[in-house]
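# Residue-level structural notes
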Amino acid sequence: MQDKQGKLDLVRDSIGSYPDFPKPGILFRDIFGVLQNPKASECLFELILEEVKKLPSVEVVVGLDSRGFLFGPVIALNLGIPFVPVRKRGKLPGKVQQVAFVLEYGQDVLELQEDSIKPGQKVLIVDDLLATGGTMEASCKLITQIGRELVGCLAIIELIDIQGRKKLNAPVTSIIQY
Ligand SMILES: O=P(O)(O)OC[C@H]1O[C@H](OP(=O)(O)OP(=O)(O)O)[C@H](O)[C@@H]1O
Ligand SMILES: Nc1ncnc2[nH]cnc12
């Protein structure tokens, strides 16, 4: 049984770092390095669940396309609550709500199925990484656009210098900070 600092160290040491990917000047933090190491993966999920259980009554976990899908369903399963995806444009069937958001080059659209979250349900948004916060901010807008209550945002990795959390009107939790 490892203590909290031991778990954090193992997870941090397992995150890959790739300079100049996918373009010059970006230091890419690769969460898949953690999932390739079962012990690190176990430690990460323990750390995540410890944080999530501090939040007030989460009733739905929303995961962001695509790396949020690696964590959201496991969190939801552990809490015994539904998992709902936010996807990039054109991937979800049925009636969807849309939010456009600005990326470094150009823009994209995120979508959420309208009937996926019931009125009054409290929502936690989960993604692997918070950088500019553009993706998380657009996802927060989707939740409030359909009139649902956002209780928190969880990013496994937070790039703190970029200050993406300033864009978000909900409590932000992260596990590993760079
Ligand atoms: O805070 P931001 O500046 O918005 O960046 C964070 C987002 O960027 C990455 O996703 P990406 O768009 O690369 O898509 P992917 O998860 O499908 O690889 C990451 O998984 C977050 O979703
Ligand atoms: N530096 C980074 N590493 C991995 N994913 C990212 N998404 C946005 N910035 C990123």
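Residues numbered from 1 in each chain as written. Chains lettered and ligands numbered in written order. Predicted model: local features only at pLDDT ≥ 70, side-chain atom pairs only at ≥ 80, totals over all residues. Heavy atoms only, no water.

Taking an unreviewed UniProt entry as the reference, the chain is identified by name as Adenine phosphoribosyltransferase belonging to Laodelphax striatellus. Recorded in UniProt under Pathway (unreviewed entry), the annotation for the chain is "Purine metabolism; AMP biosynthesis via salvage pathway; AMP from adenine: step 1/1." Its UniProt record gives the chain a comment under Sequence similarities (unreviewed entry), which states: "Belongs to the purine/pyrimidine phosphoribosyltransferase family." (UniProt positions renumbered as here; feature names shortened; annotations may be inferred.)

The next point concerns the site of ligand 2. In the vicinity of ligand 2, the contacting residues are I26, L27, F28, R29, R67, L129, A131 and L159. At a separation of 3.0 Å, a nitrogen atom of ligand 2 approaches a polar backbone atom of L27. With respect to ligand 2, the backbone of R29 contributes an N or O atom lying 2.9 Å from a nitrogen atom. Protein contact buries 75% of the 270 Å² of open area that ligand 2 shows by itself. Element by element, the count of residues in the shell around ligand 2 is highest for strand 2 (residues 27-30), at three residues. For the shell around ligand 2, the class distribution of residues is six nonpolar, no polar and two charged. (Near = heavy atom within 4 Å. Polar contact = N/O pair within 3.5 Å; in protein donor to acceptor, adjacent residues only side chain to side chain. Areas by Shrake-Rupley, 256 points an atom, 1.4 Å probe, with all protein chains shown as cover. Helix = DSSP H or I, 4+ residues; strand = E, 2+ residues; numbered from the N terminus. Nonpolar A, V, L, I, M, F, W, Y, C, P; charged D, E, K, R; others polar.)

Once that is clear, we can look at helix 4 (residues 72-79). By the burial criterion, the buried members of helix 4 are G72, I75 and A76. Along helix 4, the residues classed as buried sweep out an arc of 100° about the axis, all on the same side. Where helix 4 is buried, its residues meet helix 3 (38-52), strand 3 (60-64), strand 4 (83-88), strand 7 (122-130) and strand 8 (149-158). G80 sits one or two residues past helix 4 and shows a positive phi near 70°. (Buried < 20%, exposed > 50% of the residue type's maximum accessible area, 1.4 Å probe, protein only. Arc of directions from axis to C-beta. Contact = heavy atoms within 4.5 Å.)

Attention now moves to the environment of V84. Structurally, V84 can be placed in strand 4. Once the C-alpha coordinates of V84 and P73 are considered, the two residues, eleven residues apart in sequence, prove to be 8.3 Å apart. Residues in contact with V84, not counting those within four places in the same chain, are V60, V61, V62, G63, L112, S116 and I117.

What follows deals with the site of ligand 1. Close to ligand 1 lie 13 residues; D127, D128, T132, G133 and T135 are nearest. One nitrogen or oxygen atom from the main chain of G134 is found 3.5 Å from an oxygen atom belonging to ligand 1. T135 is positioned with one of its side-chain polar atoms (N or O) 2.5 Å from an oxygen atom of ligand 1. Protein chains shield 74% of the accessible area of ligand 1, which is 500 Å² for the free molecule. Every element with two or more residues in the shell around ligand 1 is listed here: strand 7 and helix 5 (134-145). For the shell around ligand 1, the element with the most residues is strand 7, which contributes four residues. Taken together, the residues of the shell around ligand 1 sort by class into three nonpolar, five polar and five charged.

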